Amino acid sequence: MKQQPNRRLGETEEGEVTEQVIADLAAVLKMDLAAYKRPQLVRRLFGFARARGIDSLAELARRLRQDAAMGERLRHHLTIHVTSFFRDPAYWQALKTAVTQESPRAHWEVWSAAASTGAEPLSLAWLFYELGLPSQVLATDVDESVLQHARTGVWREDDLEGVPSFVRHQLFEPLPDGRLRVREAFSAAIEYRRLDLLKDPYPNRRFHLIACRNVLIYFREADRLRVVQRLVDCLDDQGLLFLGSTEVLLNPGMFGLATVFPSIYRKTKGVSG
Ligand SMILES: C[S@@+](CC[C@H](N)C(=O)[O-])C[C@H]1O[C@@H](n2cnc3c(N)ncnc32)[C@H](O)[C@@H]1O
């Protein structure tokens, strides 16, 4: 096979990256890179490296050891942050029904487990406010930089596409520069914290609803199943698990879950963990 001139041994093709170099990068980034789907991961690593004139992943690992800020930027680059308020609206409508019909409670402990810049935890806080149900939302993400944005609570109008104007008015207050800030009543209901779903201990408490949306798709099958099981262990009996629209579980029964709506599940068995 003809070798590309700018590739090194072990990286003759993007699909042939050695385990060792991935392990080196994982160690320096303090991320469980082995759990991410390999082709996407490798594409993003090379994209990041080449944009900086670095032509091998081994060299990238070496540079990262000397430059902590570059490591922070790479972590951000690897974790895709696309999000929006009430993402996949039909699923949010179904969630609302599930909350009122499937699992009625007076107070809701909620976890948004891959919260990105905060649109999801805010959508959850809004949903419970609209239903007149008190709630507390824990919002976590592996990437500190998105959490920093979320904590500011400041948004641009363009980010709120699809949010009805009456919701905007109640959720946000206008700032003099034209941006919008989350009102105190909602920001006070959300706690932001860094948590890696693959590596860190999960919160030592039970939630009534866990949203873990559009992140499992980036994990390999075995890690996806392990994460789902750990999330279920954090659910209260009858608690709800809210996954992304493309993250439907093939066999929810194996986790002690019953399907309420595609991508929305209710825990049917007692707590196992
Ligand atoms: C595509 S966004 C989804 C955001 C939101 N849940 C939604 O559906 O709109 C994926 C988020 O997962 C986070 N993420 C990636 N790997 C993670 C991990 N191992 N643990 C926790 N969060 C992770 C990323 O930083 C990113 O913010």
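Just so we're clear, the structure is a prediction, and the values are computed from it rather than from any experiment.

Here we come to the pattern of salt bridges. Counted according to the given criterion, the structure contains 17 salt bridges. Measuring nitrogen to oxygen at the nearest pair gives 3.2 Å for the salt bridge that ties Arg-181 to Glu-173. Taking the relative accessible area as the measure of exposure, Arg-181 reaches 36% and is therefore partly exposed. Glu-173 gets classed as partly exposed once you look at its relative accessible area, which sits at 27%. Each of the salt bridges in this network shares a partner with another, and the network as a whole consists of Glu-173, Arg-181 and Arg-183.

Strand order in the open sheet formed by three strands is β3-β5-β4, with antiparallel pairing between adjacent strands. Strands with a single pairing partner mark the edges of an open sheet, and in this sheet they are β3 (154-155) and β4 (172-174). With three bridges joining them, β4 and strand β5 (residues 180-182) adopt antiparallel strand pairing. If you follow Phe-172 over to β5, its bridge partner there is Val-182.

Turning our eyes to something else, we now look at the site of the ligand. As a matter of local geometry, the ligand sits amid 21 residues, with Tyr-36, Thr-83, Ala-114, Asp-141 and Asn-214 nearest to it. The backbone of Val-142 places a nitrogen or oxygen atom 3.3 Å from a nitrogen atom of the ligand. Taking Arg-213, its main chain carries an N or O atom lying 2.9 Å from a nitrogen atom of the ligand. When isolated, the ligand has an accessible area of 610 Å², and the protein chains bury 99% of it. Here the residues of the shell around the ligand are counted per class, giving ten nonpolar, five polar and six charged.

What follows covers the packing of helix α3 (residues 57-66) against helix α4 (residues 68-78). Look at α3 against α4: their axes get within 5 Å of each other, and the N-to-C directions meet at 120 degrees. Taken together, the axis directions place α3 and α4 in an arrangement best described as oblique. Between α3 and α4, the contacting residues are Leu-60, Arg-63, Leu-64 and Gln-66 on the first element and Ala-68, Met-70, Gly-71 and Leu-74 on the second. When grouped by side-chain class, the residues that make up the contact of α3 with α4 number five nonpolar, two polar and one charged.

Turning our attention to the nonpolar core. Formed by 51 residues in total, the largest nonpolar core has its most connected members in Leu-33, Leu-45, Leu-60, Trp-111, Leu-197, Leu-231 and Leu-241. Elements with a minimum of two residues in this core: α1 (19-29), α2 (38-50), α3, α4, β7 (207-212), α10 (221-233) and β8 (235-243). Considering every element that reaches this core, the biggest residue donor is α2, with six residues. When residues of this core are sorted by domain, at least three fall in each of domain 1 (14-78) and domain 2 (89-267). Not counting residues within four places of it along the chain, the set of residues in contact with Leu-241 comprises Ile-210, Val-228, Leu-231, Val-232, Leu-235, Leu-257, Ser-263, Ile-264 and Tyr-265. Trp-92, Val-110, Trp-126 and Trp-155 belong to the second-largest nonpolar core, a separate cluster that totals 39 residues.

Here we take up the state of the cysteines. Applying the stated criterion across every chain, the model contains zero disulfides. No disulfide involves Cys-212; its sulfur sits 11 Å from the nearest other cysteine sulfur, which is in Cys-234. By relative accessible area, which is 0% here, Cys-212 ends up buried. Among the residues examined, Cys-234 registers a relative accessible area of 5% and is labelled buried.

Entries for the protein in the domain assignment read domain 1 (14-78) and domain 2 (89-267). Taking only C-alpha atoms into account, the centre of domain 1 sits 29 Å from that of domain 2. With twelve residues of domain 1 at the interface, the matching set in domain 2 holds twelve residues. Here domain 1 and domain 2 share an interface that buries about 1100 Å² over both sides, 46% of which is from carbon and sulfur atoms. Looking at the side of domain 1 facing domain 2, the largest losses of area belong to Ala-35, Tyr-36 and Lys-37, adding up to 42% of the total buried there. The tally of links between domain 1 and domain 2 comes to six residue pairs in polar contact (both at pLDDT 80 or more). At the level of secondary structure, the elements contributing two or more residues to the side of domain 1 that touches domain 2 comprise α2 and α4. Here the element with the most residues in the side of domain 1 that touches domain 2 is α4; it accounts for three residues. Of the residues assigned to the side of domain 1 that touches domain 2, the class counts are four nonpolar, two polar and six charged.

What counts as what
- Residues numbered from 1 in each chain as written.
- Predicted model: local features only at pLDDT ≥ 70, side-chain atom pairs only at ≥ 80, totals over all residues.
- Heavy atoms only, no water.
- Salt bridge = Lys/Arg side-chain N within 4 Å of Asp/Glu carboxyl O.
- Buried < 20%, exposed > 50% of the residue type's maximum accessible area, 1.4 Å probe, protein only.
- Pairing = 2+ DSSP bridges.
- Helix = DSSP H or I, 4+ residues; strand = E, 2+ residues; numbered from the N terminus.
- Near = heavy atom within 4 Å.
- Polar contact = N/O pair within 3.5 Å; in protein donor to acceptor, adjacent residues only side chain to side chain.
- Areas by Shrake-Rupley, 256 points an atom, 1.4 Å probe, with all protein chains shown as cover.
- Nonpolar A, V, L, I, M, F, W, Y, C, P; charged D, E, K, R; others polar.
- Axes fitted to C-alpha atoms, helices over the stretch in contact; angles between N-to-C directions.
- Parallel < 35°, antiparallel > 145°, perpendicular 65-115°, else oblique.
- Contact = heavy atoms within 4.5 Å.
- Core = buried A, V, L, I, M, F, W, Y, C linked by side-chain atoms within 4.5 Å.
- Domains from an automatic or database assignment.
- Disulfide = S-S within 2.5 Å.
- Buried area = accessible area lost by both parts, 1.4 Å probe.

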